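# Descriptive structure summary
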Amino acid sequence: MRGRMPEREAARRAVPVPAVKIHNAEIANLLNRYGVLLEMEGDNPFRVRAYHNAARTIENLPRDVNQMLAEGADLSELPAVGKDLAGKIAAICASGRFDALEKIKKKLPAGVADLTEIPGLGPKRVKAIFKTLKIKSLEELGEAARAGRLRALPRFGEKLEKSIQEALQHRAEREQRWRLATAEQVVAPLLRHLETARGVERVAVAGSYRRRKETVGDIDILVSATDGTDVIERFTRYSEVDAVTAKGETRATVRFTSGLQVDLRVVPSRSYGSALLYFTGSKSHNIALRAMGMKKGLKINEYGAFKGSRWIAGETEADVYAKIGLPYIEPELRENQGELEAARKGSLPHLVTLKDIKGDLHAHTDASDGQQGLETMADAAQARGYAYLAISDHTEHVGIVHGLDAKRLKKQMAEIDRLNARRRDFRLLKSAEVDILADGTLAADPGMLAELDFVVAAIHTKLDLDGKAQTERLIRAMDNPRVNIIAHPTGRLLGAREPIALDMKRLMKAAVERGCHLEVNAQPTRLDLSDAHCRMAKAMGLKLAVSTDAHTADTLDYMRFGIDQARRGWIEPDDVVNTRETMQLLKLLKR
DNA sequence: GCCGTTTTCGGCCCGACTGTTTTCAGTCG
């Protein structure tokens, strides 16, 4: 669960003006809690669902709700948000509190809603626990489970009580999200293990992994097989499995020793496409899709598209989309963020692919903090079919690496010339990653920069300036006509460091005005810009550089993670500067 | 509470699995 508004703090506030603005995730959390409490109250289940649906919309919104309101946007135009909830959300933003939730909390303490975070505990069981045992927090739940008091409740038993105890113990790791690249390392050998099971036809990973989200919470594996018994057996006996949480004839759930949860589903061949669609999600995309199907008199589920009881499609995802009258929608777009409408109108983007990339614009060598020399990096880039690779070692002033001074950079440029002379259809480009100082000036000799093909500039220090100062710092850097690309603009490290405070819209506008570009850094720990930022850039006509920031030859392969991210941001080949051939690229970068 | 190319009223996804039961309620995705 993400950053939650501390309840007590909200309640303590006397003045209805929030000291700190309330973020999308917190608004979603308030709506979700209210939904849970409503359900415990026995309210209309569809009303309950409406709150959860709206919460999901807000949580996945690429834009900040406060900003939308400030710009006069009508929230009721958002999916699953109607007039009533638009008003409630606006009130939450204005006051920092949700009055309806405060009211219901008098009957049901809000902490009770947290209990539903435990797998196996839904509103019904939590209500029973609260009403009978007066338990209203996870701590109290743990005590009761240890004391064996839960099993006395109707339809509670020893096993459920034990699983609650275990869930409480594993809570921390279960909430962890896994970087996509990390998940890939776990998934690849598992897929090989499953593929050899008897009766298996196809194996695929679905879920957010297939949608290429930057982090995934669990892994969903789909198998089509003539008989699921063997593959499920093999799955639950896999060496990394720590616990089997569910096991049936067509699905199983396990937890790996690493804490990663993996779900496996087995379907017959003719349902492979519909099941892949179903389990790839997002949930929100699926709900909207099924609603469109219903309007055409179709029922869509994981086994296919049905007219009455007659199966009419399901072998491929494209077949199912076609029955709803839609073209195929790429998994990266399936977030119910306008892709269904675009599909209906025939205006889906033609997403950039790895094949469109002609070169990499950010790489290091052992001259600074990379691990290999120019020639090895050039060979690796050429082996990947690239026309160019920009060498952008750090210049001096970055304390953590031994950056290049003017003399060493000059030497590197001469060596690049020598190497280029020996290569056909490939060129090493001369660049540098220059540090942007706190006042926005560059930590490099201007004469030195003039000799480069282009300059990458980035922030590495003073990450804690406020939003205004940070934005102006970057704009000031771009005022320097030598600067072409801002690398890893927000400086975030997934799961480790928050992005710097930044007015991204203002930054992007300034970049467009100056003929600068922002980077989508493909390092799996960065993926910076984010998908939402990519989409913002596209809307503003800002072209992006998708670069690996590789410090070794092997990690030039990280390009695909950058491409994944760009695709999630609706980016097309023309939106990416390094889809250009060498001469066009240099022309485009020229300011 | 949301939504509208069958509808401004009357719908709203539904199948699999578990645990606790002797036939199913609750939860999950």
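Up top is the structure these notes are about.
Residues numbered from 1 in each chain as written. Chains lettered and ligands numbered in written order. Predicted model: local features only at pLDDT ≥ 70, side-chain atom pairs only at ≥ 80, totals over all residues. Heavy atoms only, no water.

### Side note on the packing of aromatic side chains
Under the convention used in this document: Stacked, tilted and edge-to-face are the three classes assigned to paired rings of Phe, Tyr and Trp, where Trp is represented by its six-membered ring and a pair needs centres within 6.5 Å; plane angles under 30 degrees give stacked, over 60 edge-to-face, the rest tilted. Relative accessibility thresholds used throughout: buried, under 20% of the residue-type maximum; exposed, over 50%; partly exposed, between the two (1.4 Å probe, protein chains only). Placement of a positive charge over a ring is assigned whenever Lys NZ or Arg CZ falls within 6 Å of the ring centre and within 35 degrees of the normal to the ring plane.
Under the counting rule described, the total for this entry stands at six aromatic pairs. A ring pair is formed by Tyr-558 and Phe-561, whose centres lie 6.0 Å apart and whose planes are at 55 degrees; its orientation type is tilted. Residue Tyr-558 is classed as partly exposed on the basis of its relative accessible area of 25%. The rings of Tyr-34, Tyr-51 and Phe-98 are connected pair by pair, giving a single aromatic cluster. A cation sits over an aromatic face here: Arg-535 above Trp-570, 3.8 Å from the ring centre. Above the face of the Phe-561 ring, Arg-560 is positioned so that its terminal group lies 4.5 Å from the ring centre.

### A look at the packing of helix α22 (residues 504-514) against helix α23 (residues 531-539)
We count it as follows: Axis lines are fitted through C-alpha atoms, for helices just across the contact stretch, and the angle between N-to-C directions can take any value from 0 to 180 degrees. Comment: elements are numbered from the N terminus, with helices defined as DSSP H or I runs of at least four residues and strands as E runs of at least two. Angle categories: roughly parallel below 35 degrees, roughly antiparallel above 145, roughly perpendicular from 65 to 115, and oblique for all the rest. For a crossing to be left-handed, the near helix must be turned anticlockwise from the far one by less than a right angle; the clockwise case is right-handed. Between two residues, a contact is recorded if the distance between any of their heavy atoms is within 4.5 Å. Each residue is assigned to one of three groups, with Ala, Val, Leu, Ile, Met, Phe, Trp, Tyr, Cys and Pro labelled nonpolar, Asp, Glu, Lys and Arg labelled charged, and all others, Gly among them, labelled polar.
Where α22 meets α23, the closest approach of the two axes is 10 Å, and the angle between their N-to-C directions is 45 degrees. Taken together, the axis directions place α22 and α23 in an arrangement best described as oblique. Where α22 crosses over α23, the handedness of that crossing is right-handed. Listed contacts from α23 to Met-504, Lys-505 and Met-508 of α22 are His-533, Met-536 and Ala-537. Of the residues belonging to the contact of α22 with α23, the class tally is four nonpolar, one polar and one charged.

### A look at the sheet that holds strand β13 (residues 427-435)
Note on sheets: strands pair through backbone hydrogen bonds, and any given pair is parallel or antiparallel. Quick reminder of the rule: DSSP-based pairing: two strands are paired if at least 2 bridges between them are found.
The strand order β11-β12-β13-β14-β15-β16-β17 describes an open sheet built from seven strands, whose pairing is parallel. Either end of the sheet is taken by a strand with one partner, and the two such strands are β11 (359-363) and β17 (544-547). Across the sheet, the axes of successive neighbouring strands diverge by a mean angle of 30 degrees, strand direction being ignored. Note that strand β14 (residues 455-458) and strand β15 (residues 483-486) share three bridges and pair parallel.

### What to know about the nonpolar core
The criterion, for reference: By nonpolar core we mean a set of buried residues, namely Ala, Val, Leu, Ile, Met, Phe, Trp, Tyr and Cys, connected to one another through side-chain atoms within 4.5 Å.
The biggest cluster of nonpolar side chains holds 59 residues, and the ones touching the most others in it are Leu-389, Leu-428, Leu-518 and Leu-544. Among all residues touching Leu-544, those that are not within four sequence positions of it are Leu-518, Val-520, Leu-529, Cys-534, Ala-537, Ile-571, Asp-575, Val-576, Val-577 and Asn-578. Residues Val-48, Leu-78, Phe-130 and Ile-164 belong to the second largest nonpolar core, which totals 50 residues.

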